[in-house]
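Remarks on the overall topology
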Amino acid sequence: MDLKQDHPRAPTETHYSASFSKTLSRRAKVLITLGVGLAVGLHTAKCLLHAHNASSHPSHAVLEFDWYALKPSTELNWTSCYDGQQCARLLLPLDYFNPDGPTTAIALRMIPAASRGTPSYRGTVLINPGGPGGSGTNLVARAGANISAVVGDSFDVLGFDPRGTGASTPNADCFGSPSRKAIWQTQSGHQFINATDAGTVGLYRARQQVVAQRCEESIGGEEGIARFMSTPSVARDMLDITQKMGQEKLHYWGFSYGSILGQYFAAMYPDKVGRVVIDGVYDSHNYRAALWNSNLFDMEAVIDSLFAYCHQAGPLKCGLYEPTPDKVRARFFRVLDSVADTPVPVALADPPLVVTRTALVQQLFGAAYKPLASFGTVVDTILALEASNQTALAALAPKIVNPTECECAAPGEPWAFENDAFSAIACGDGDEHPFDAETYKTYYDALVQDSPHAGPIWAVHYLQCAEWRVRPKWRYTGPLGANETAHPLLLVSPRWDPVCPLRDAKLVRERYKGAGLLVQNSHGHCSLSAPSVCTAKYVRAYMEHGTLPEEGAVCEPDEVPFVGSLKDVQAMTAEDRRLLEAVRGLANEVPMFGATY
């Protein structure tokens, strides 16, 4: 059903039915460390699966907090969890057009504001880590304290797991266990897609067909969760959560795909916009068309920054140093390209692996998201290969190709396992486009022209959506913009973002009248990728006072790869040092938008 502006009316308070037990029941998952990208070798595992539902878990599991033991409710019943935090599971309609039907239980995790109960308390900020499919409760675990330090003591910070993800139930799981998913991922081989090679295109298409068919069977039925995970449904969930928190308007900070969610919310509920920050901005028009072809515009600039920063830092801080950035680049690719013809075995790694050019390009692709945190590892890998240093390569192996491991004895935390939400959300939101060979070749060539290194990785998204068959019950096709919002949006963008270019942020800004734009003069995905006290102060001013940056505002980073700190930290005020510590901590928590290859 394609719905334009006629989405379900937003009540101020609604009571919904009890949990739909059939959709909440699921299998337990076993702990496994998944490889990101193309895994090396085939690992098999015979792991015991346990029956699991929303209120039980294997008796021998030792959990820091058991989400499934927390009774879901139509009201927010908070329970103390973790260390000084609050958790709840909120029942919301699975289908907003059938509010008395089945429900979904949304997991919520909140860091309460220090100012709660005082006149300075300003409410709750919802956060979304991107994906699509990322867990907001996990983002609170990893980064909540630092996000709280940025937005200020007057706000709660609340992460929620969008329907189908994390600890929310039902869960989007198409493989039944992490071990099956990991084994499946190891079978993808060592070649990128090449549109001129029918063999690689055929292989990747076949793999996407397998995923699509499994998901259609397991989560795509009439009341399957895949039909109810669309972005408009999640936007409506945010409205309900906000209202149940006692707020009239949404306060929100969304990263990466979270920028899409923020755009949908502001377009659907412009009168409910409070403080909405979208950070690392993807063009929602491109997203809804399921094109995924505007993303890589600045990817090569981010990759090239590795060589510039290495040269700037000098030989004492960057072992790949050469007299010019171009010579650093030449040295880097001389080593990387040599592996194409001569893959390097690393027998002493645990587990052992073979370093291929594909693995190195994937490592570089991932590092482009968070240069400050990851460029050093990329250089260490190249230096180890250049020196044929097997000891160093063995130590670096988990950072070159994440190993697949099976720990069959430990049931772990099933809400922490990888889900299959990406296609259900992104492809469900998007236009349908069955595979066409000539169209795909044109699409592929354009991606590779933007980024010769990332294009063959990113090209899988077309195939994902071309083969996906489950359509959402609610697909929003109305305007993705607003002539007026209750409060202007704030867009934040690095000048060079590898997958959400500044160009997209500028396009989106024009669609939301009065929106502000803050540019951070850095490389990486979202403002989190580079610490900037300047950016943090603008975000806090917007959250606390509604103040937008002045037109043309640009913030400089306080730290860059290899070089390190650019400011005298001791000369900073105590509050600025506190902010710097917070944004430094966030640099490791950059969302991996679209990295589902």
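If you're wondering where the values come from, they're calculated on a predicted model, not measured in any experiment.

A word on the sheet that holds strand β18 (residues 554–555)
Here 10 strands make up an open sheet; going across it, the order is β5-β6-β7-β9-β8-β10-β11-β16-β17-β18 and the pairing mixed. The two strands at the open ends of the sheet, each matched to only one other strand, are β5 (79–81) and β18. Bridge count between strand β11 (residues 273–279) and strand β16 (residues 490–496): three bridges; the pairing is parallel. Considered in β16, the bridge of I278 is made with L491. In the packing of helix α6 (residues 257–268) onto the sheet, contacts are made with β8 (123–128), β9 (155–160), β10 (250–255) and β11, and the angle to β10 comes to roughly 145 degrees. Sitting on the sheet, helix α8 (residues 299–313) touches β16 and β17 (516–523), and the angle it makes with β17 is about 45 degrees.

Brief notes about helix α19 (residues 574–586)
Helix length check: α19 (13 residues) gives 19 Å between terminal C-alpha atoms against 18 Å at 1.5 Å per residue, within 8%. Lining the buried residues of α19 we find α2 (136–151) and α18 (533–545).

Let's talk about α8
Every α-helical turn comprises 3.6 residues, leaving residues that sit three or four positions apart pointing alike. Along its 15 residues, α8 runs 22 Å from first to last C-alpha, staying within 8% of the 21 Å computed at 1.5 Å per residue. Of the residues flanking the end of α8, it is G314, one or two places downstream, whose phi is positive at about 90 degrees.

Describing the environment of Q209
As for its placement among the helices and strands, Q209 is situated in helix α4 (residues 198–219). Of the residues examined, Q209 reaches a relative accessible area of 28% and is grouped as partly exposed. Residues Q209 and E467 lie 258 residues apart in sequence; the distance between their C-alpha atoms is 5.6 Å.

Regarding the packing of α8 against helix α9 (residues 325–341)
As a packed pair, α8 and α9 sit with axes 8 Å apart at the nearest point and diverge in direction by 110 degrees. One element, α8, and the other, α9, form an angle in the roughly perpendicular class. Regarding α8 and α9, the two cross each other, and that crossing is right-handed. Only P325, V328, R329, F332 and F333 of α9 make contact with α8, whose side of the interface consists of E300, D304, F307, A308, C310 and H311. A per-class count over the contact of α8 with α9 returns seven nonpolar, one polar and three charged.

Some words on the environment of P129
Along the polypeptide, P129 turns up in the loop between β8 and α2. Residue P129 is classed as buried on the basis of its relative accessible area, which comes to 8%. Between the C-alpha atom of P129 and that of G254, which follows or precedes it by 125 residues, the distance is 6.4 Å. In contact with P129, other than residues within four places in its own chain, are G134, S135, G136, L139, F255 and P591.

Thoughts on the pairing of β16
Counting buried positions along β16 yields five of seven residues, so the element is predominantly enclosed. When β16 meets β17, the two strands line up parallel, connected through six bridges. Along β17, the bridge assignment pairs P494 with Q520. Viewed along the sheet, the connection from β16 through helix α17 (residues 502–511) into β17 turns out right-handed.

Calculation notes
- What you see as residue numbers is a count from 1 along each chain, following the sequence as written.
- The predicted nature of this model means local features are confined to residues of pLDDT at least 70 and side-chain atom pairs, given and counted, to a pLDDT of 80 or more, with totals for whole chains, interfaces and linings taken over all residues.
- Excluding hydrogens and water, the side-chain figures rest on all heavy atoms present in the structure.
- In this analysis, strands are considered paired if DSSP registers two or more bridges between them.
- Helix numbers and strand numbers start at the N terminus; a helix is a DSSP run of H or I with at least 4 residues, a strand a run of E with at least 2.
- Here a residue-residue contact requires only that any non-hydrogen atoms of the pair lie within 4.5 Å.
- To define axes, lines are fitted to C-alpha atoms, for helices over the stretch in contact only, and angles between the resulting N-to-C directions are given on a 0 to 180 degree scale.
- Multiplying 1.5 Å by the residue count of a helix minus one yields the expected span of that helix.
- Here the term buried applies to any residue with accessible area under 20% of the maximum for its type, exposed to any over 50%, and partly exposed to those in between, with areas from a 1.4 Å probe on protein chains only.
- For classification, angles of less than 35 degrees are called roughly parallel, those exceeding 145 degrees roughly antiparallel, those between 65 and 115 degrees roughly perpendicular, and all remaining angles oblique.
- We call a crossing left-handed when the near helix sits turned anticlockwise from the far one by less than a right angle, and right-handed when that turn is clockwise.
- In this classification, Asp, Glu, Lys and Arg are treated as charged, Ala, Val, Leu, Ile, Met, Phe, Trp, Tyr, Cys and Pro as nonpolar, and every other residue, Gly included, as polar.
- With the strands pointing away from the viewer, any crossover whose connection runs clockwise from the first strand over the helix to the second is right-handed.

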